[in-house]
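# Breakdown of the fold
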Amino acid sequence: MAHSNALRLQILGPLRIWRGDVELDAGPRQQRCLLALLIAHQGRRIAMTELIDLVWGPSPPPSAVNVIHKYIGAIRRLLEPGLSPRAAGSYLTRHDTGYRFTAGPATLDLVAFRGLVAQAAESARGDRLEEALARYLEALRLCHGPAGETLADTAGAMATFSGLDGEVFDAAVAAAEIATRVGQPARVLASLRLAAQMGRLHEPVHASLVTTLGAAGHQAEALEAYRTIRARLADELGIDPGRDLRNAQHRVLTQAAEPDVESGAAVLPAPLVRPAQLPPDQPMFVGRTFELTVLRDLVLGMRDGQRTSPMVVAVDGMGGVGKSTLVTHFAHSVADEFTDGQLHLDLGGNAGEDGTVSAADALRSLLYALGVRASEVPDTFDALVGTYRSLTVGKRMLVLLDDARDASQVRPLLPNSAESLVLITSRRPLVGLSASEGARLYRTYVPDLPDARRMLSTRLSVLPSRAAEGIDADVLDEIIELCGRLPLALSILAARLSVRPQLSLATVAAELRDGARRLAAFPGGVGVTDPRTAFSWSYRQLTPGAARLFRLLSVALTPGITLGACVSLSGRDPDRTRAELEELTEAALVSEHDKGCYTSHVLVRAYAEELLRTTDPIDEQRAAVTRLLQYYLHSSFNAQVMLHPNRPPIPPAPPQPGVRSEQPASYEEANGWFAERREVLREAVRVAAELGYGTVSWQLAVTMQQYLEWAGYFQDWEDVMRLALQATRDHRDVVGEAHVLRSLAGARWFQGADQEALDLLSAALTVFAANGMLLEQALTQINMHAVCTSLGEHERALEYAETAVSLCRAAGNETAEMRGLYSKGRSLTCLGQYEHAAQVLQEALNINRRVGRPHEEGMNKDFVADNLVKLGRAEDAVKELEAAVESARLLGEGPYHFQAFVSLSELLISMGDVGAARTALAGAREVLGSFQGGGPLRLQARLRHLAAELDRAAHPPPH
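All of these numbers come straight from a predicted model, not from anything done at the bench.

## What about the packing of aromatic side chains?
Aromatic rings considered in pairs are described by the distance between their centres and by the relative angle of their planes. In this structure the tally under the stated criterion is 14 aromatic pairs. Taking 6.3 Å as the distance between ring centres and 20° as the angle between the ring planes, the aromatic pair formed by Y91 and F101 counts as stacked. Taken together, the residues span a long stretch of sequence, with Y91 in the loop between α3 (64-79) and β5 (92-95) and F101 in strand β6 (residues 98-101) at a distance of 10 residues. As far as the burial class goes, Y91 and F101 line up, both buried. For the ring pair W673 and F674, a centre distance of 5.4 Å and an interplane angle of 80° mean the geometry is edge-to-face. As far as burial versus exposure is concerned, W673 and F674 are alike and both buried.

Put into structure tokens, the structure is as follows:
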């Protein structure tokens, strides 16, 4: 059995990656393309030039090499999360100027496929045909569609992926030949149909499909398959079928291939009535290609000859997402395959107890549809079930059951035939039906933006007034996103525009921007189900606790909320909150995403907000928001403590009852906590600043500073501090304002605004001095030292450092004193007092080792190395900087990691070691590239200067 965290990769079909049972996001499209190409060349080194040609073709961008390196790093971290940044890892290794991807059969489907095909070929050569067929079928089950589906943008990439498809085609044809020889053609039909789908013009595959269908007793389907490929060849290539295809048709026409007795295929009597009850297809149906492919693949799976019961596919999803439209459209596309007819019932699962169709009534309707007279319909439920099963035994029927309530409602409605297909829609996943009947469950989500744009554009294009005025693409996309891409909302909006031709799209967009009135843009009426009504059907079925939590989630901060935050929002115990969230998720009113984050559709959230305003007292609403903000403040404070910040954290006031803050247990957990919640913490600072519900926004902002600084989110750092600054001024919180000013100065200094940073620090220092806050004064003086050093004002910087040391000693804070001594030593070095600087730096190092703050030591090794160089000890300086690089990497100290690389590269250039300097420069470039927006302009300029210096050292002018 595979390990629960084992990595699995799929290339024979759409690129997919799993770790255990969890599917991973393979990243942006170009990164996915690169990974697919590396996998497709499994075991072979691909040179950088070849990779660039495969990804971009003959006109790559100037940054192509850097982009490849960036994606390689991201892919390595994706495949092996615990891998250190520059380690090669187990799968993707560097070879000269190229890369090689290697994996075993348990990890990569391509390796497993080729191994099984080789075994099958060996068995066939030994005349062990049953064994060969089993291996071929096992290999073909690994294929789920065209290799690298939709990722190829160049001729080289297309050729690469087509080569993999060719391997599948060869295996399918070989398997079909063996299956026919051993009298088991039905076993390969599913794989052949998929291969024919993939190779639309591949004549050997289609010839094999025609022959095998005939051998399995499906002569009509075989001849139709021949007519289809013949027409396609004529229309697209202007040619006639080749000899193999013509021979295949001839064999079917002359019954050269015998029916498959083992498969149980037999000519069944036609039913008394052949029902054709499918509701009309949506005439303007567009998009949903992925969903239709999934459904088609599931139906293909029912042809494996192994089934003993009907194929049941249950599609669930939120109200208005288009489940019924999708399933109906799909049903029409496959209806011809089910020659005994199609049945349809609307089960009214969300209409409440009075409107839901009972299983008994549903069975009566189905029996009437099958031609049973009313006088012959049995009275008892068991007899109804028995009659329905008798009439459907062995039939090829398609049954569409719309809006099911639960598994018990639909279980008696399943036909008694492995050749039948049952399509079900419901708001909730029918887990019980999957457990007992093996139903395949599939959740439908809102379409992506391109599909949603096609949906709305298609409907608007038939309106003369819209066609005449033209459609602003930006306004259209804004409307679509404000509708949350919900198909029901888009269709109602289009209908509204059709009856109000003078209503402009800009006016509609303005209406939708008003979140409090957003649902009013979708009027209902007789015979029209608007989003509010659709959501209400699900809401009315919730338990009181889940309904309350649903309403409260409307005040959750975007982009989502975790279970821990939900516990504090609701003020209930974790187990109860977890159960209520599961109920909401099952009802498709919220969605659970990676890392346990819960979100609501934008219109569902608007509906919840309406309910909150009309159902819950204002005091309870405010209390919920207060608990949520205090959860973020106290959790962020606890995480900050684990990061060992330079300044002792400022404890917030005790939280309200019901607030359960997070408690990260290690430095790594705290760093990860901030990384996962960075966006929602920014929003929390904004909301706290605007509302002030029992939470001080500047305290929350300050808890985030160290993470934002070290992770390179300099713009976020500045943004949250400006929000907090305004809040402190609105509340006349002078001390809080000073704390924010000091932090904001750091963000501005990194951005290169040295004088502005000094002004901010001076204002903060005035407040700290007036309030006798010695430690805060000392830390501000240390910050002023750093700014003056950047300005080259080393005498002034030394004064700030010496004042800081005196203040730290007066405050009795050794950690801050150590920072002051490091700063003083740096200034002494800059002023040429190298021996004195060495003594001061050693004093700082002694304190550091005594108080146990290794990350401080790593941050300041740059100062030590600079002084060692001035003392003529360059080799020792190199060792210090290499240690600084590693320390900063391990602790995630981004700016100091960058600084250590830059200083190391500069030193190596001066020592004439151009190769090692170039490696250090690459490290600095990679770190800077990981920062928000590519890093501050100051750091970008320094990197460019260093690169130019290195280029001059590598190519000195001739004497």
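## Points about the sheet that holds strand β4 (residues 46-47)
Strand order in the open sheet formed by 3 strands is β4-β6-β5, and the pairing between neighbours is antiparallel. Bordering the open sheet on either side are β4 and β5, each of which pairs with just one other strand. Running at roughly 145° to β5, α3 makes contact with β5 and β6 of the sheet.

## A few points about the pattern of salt bridges
Enumeration according to the criterion identifies 47 salt bridges in this entry. For D153, the salt bridge identified is with R29, shortest N-O distance 2.5 Å. Separated by 124 residues along the polypeptide, D153 in the loop between α5 (129-140) and α6 (155-181) and R29 in helix α1 (residues 29-40) bring together distant segments of the chain. With a relative accessible area of 52%, D153 lands in the exposed category. Measuring nitrogen to oxygen at the nearest pair gives 3.4 Å for the salt bridge that ties E676 to R677. Residues participating in the shared-partner salt-bridge network are R678, R682, D716 and D719.

## Let's talk about the packing of α6 against helix α8 (residues 203-215)
Two numbers describe how α6 lies on α8: the axes approach to 10 Å, and their chain directions differ by 25°. With respect to α8, the element α6 is oriented roughly parallel. The handedness of the crossing between α6 and α8 comes out as left-handed. Here α6 contributes F169, V173, A176 and T180 to the contact with α8, which in turn contributes P204, V205, S208, T212 and A215. Here the residues of the contact of α6 with α8 sort into 6 nonpolar, 3 polar and no charged.

## Quick look at the environment of N783
Examined against the element boundaries, N783 turns out to sit in helix α33 (residues 774-791). The spatial distance from the C-alpha of N783 to the C-alpha of D619 is 43 Å, given a sequence separation of 164 residues. Every residue in contact with N783, bar those within four places of it in the chain, is listed here: R742 and L761.

## Observations regarding the packing of helix α31 (residues 734-750) against helix α32 (residues 754-770)
Relative orientation of the contacting elements α31 and α32 amounts to 160°, with a least axis distance of 8 Å. Relative to α32, α31 is oriented roughly antiparallel. Helix-helix and strand crossings are classified by hand; for α31 and α32 the assignment is left-handed. In this structure, α31 contributes V734, V735, A738, H739, L741, R742, L744, A745, R748 and W749 to the contact, and α32 contributes D754, E756, A757, L760, L761, A763, A764, V767 and F768. Taken together, the residues of the contact of α31 with α32 break down into 14 nonpolar, 1 polar and 4 charged.

## With respect to the nonpolar core
Core analysis: the largest hydrophobic core is formed by 143 residues, its most contacted members being I479, F550, L553, I561 and Y632. When sequence neighbours within four positions are dropped, the list of residues in contact with F550 reads Y539, L542, L584, L589, V604, Y607, A608 and L611. Ranked by size, the runner-up nonpolar core spans 85 residues in total, among them L38, A103, I178 and L192.

## Side note on a nonpolar patch on the surface
Together, L201, L237 and I239 give the surface a local cluster of nonpolar side chains, amounting to about 220 Å² of exposed area. Structurally, L237 can be placed in the loop between α9 (219-236) and α10 (243-253). Judged by relative accessible area, L237 falls into the partly exposed class, the value being 46%.

## Structural notes on the environment of E856
Counting through the fold element by element, E856 comes out in helix α37 (residues 854-870). E856 gets classed as buried once you look at its relative accessible area, which sits at 0%. It is 77 Å that separates the C-alpha atoms of E856 and G214, two residues lying 642 residues apart in sequence. Residue contacts for E856: discarding those within four places in its chain leaves N646, M818, R819, Y822 and N848.

The rules behind these values
Residues numbered from 1 in each chain as written. Predicted model: local features only at pLDDT ≥ 70, side-chain atom pairs only at ≥ 80, totals over all residues. Heavy atoms only, no water. Phe/Tyr/Trp six-rings, centres within 6.5 Å; stacked < 30°, edge-to-face > 60°. Helix = DSSP H or I, 4+ residues; strand = E, 2+ residues; numbered from the N terminus. Buried < 20%, exposed > 50% of the residue type's maximum accessible area, 1.4 Å probe, protein only. Pairing = 2+ DSSP bridges. Contact = heavy atoms within 4.5 Å. Axes fitted to C-alpha atoms, helices over the stretch in contact; angles between N-to-C directions. Salt bridge = Lys/Arg side-chain N within 4 Å of Asp/Glu carboxyl O. Parallel < 35°, antiparallel > 145°, perpendicular 65-115°, else oblique. Left-handed = near helix turned anticlockwise from the far one by under 90°. Nonpolar A, V, L, I, M, F, W, Y, C, P; charged D, E, K, R; others polar. Core = buried A, V, L, I, M, F, W, Y, C linked by side-chain atoms within 4.5 Å. Patch = residues over 30% accessible without salt bridge, like charges linked within 9 Å, V, L, I, M, F, W, Y side chains within 5 Å. Areas by Shrake-Rupley, 256 points an atom, 1.4 Å probe, with all protein chains shown as cover.

Just geometry here; none of it tells us what the structure is for.
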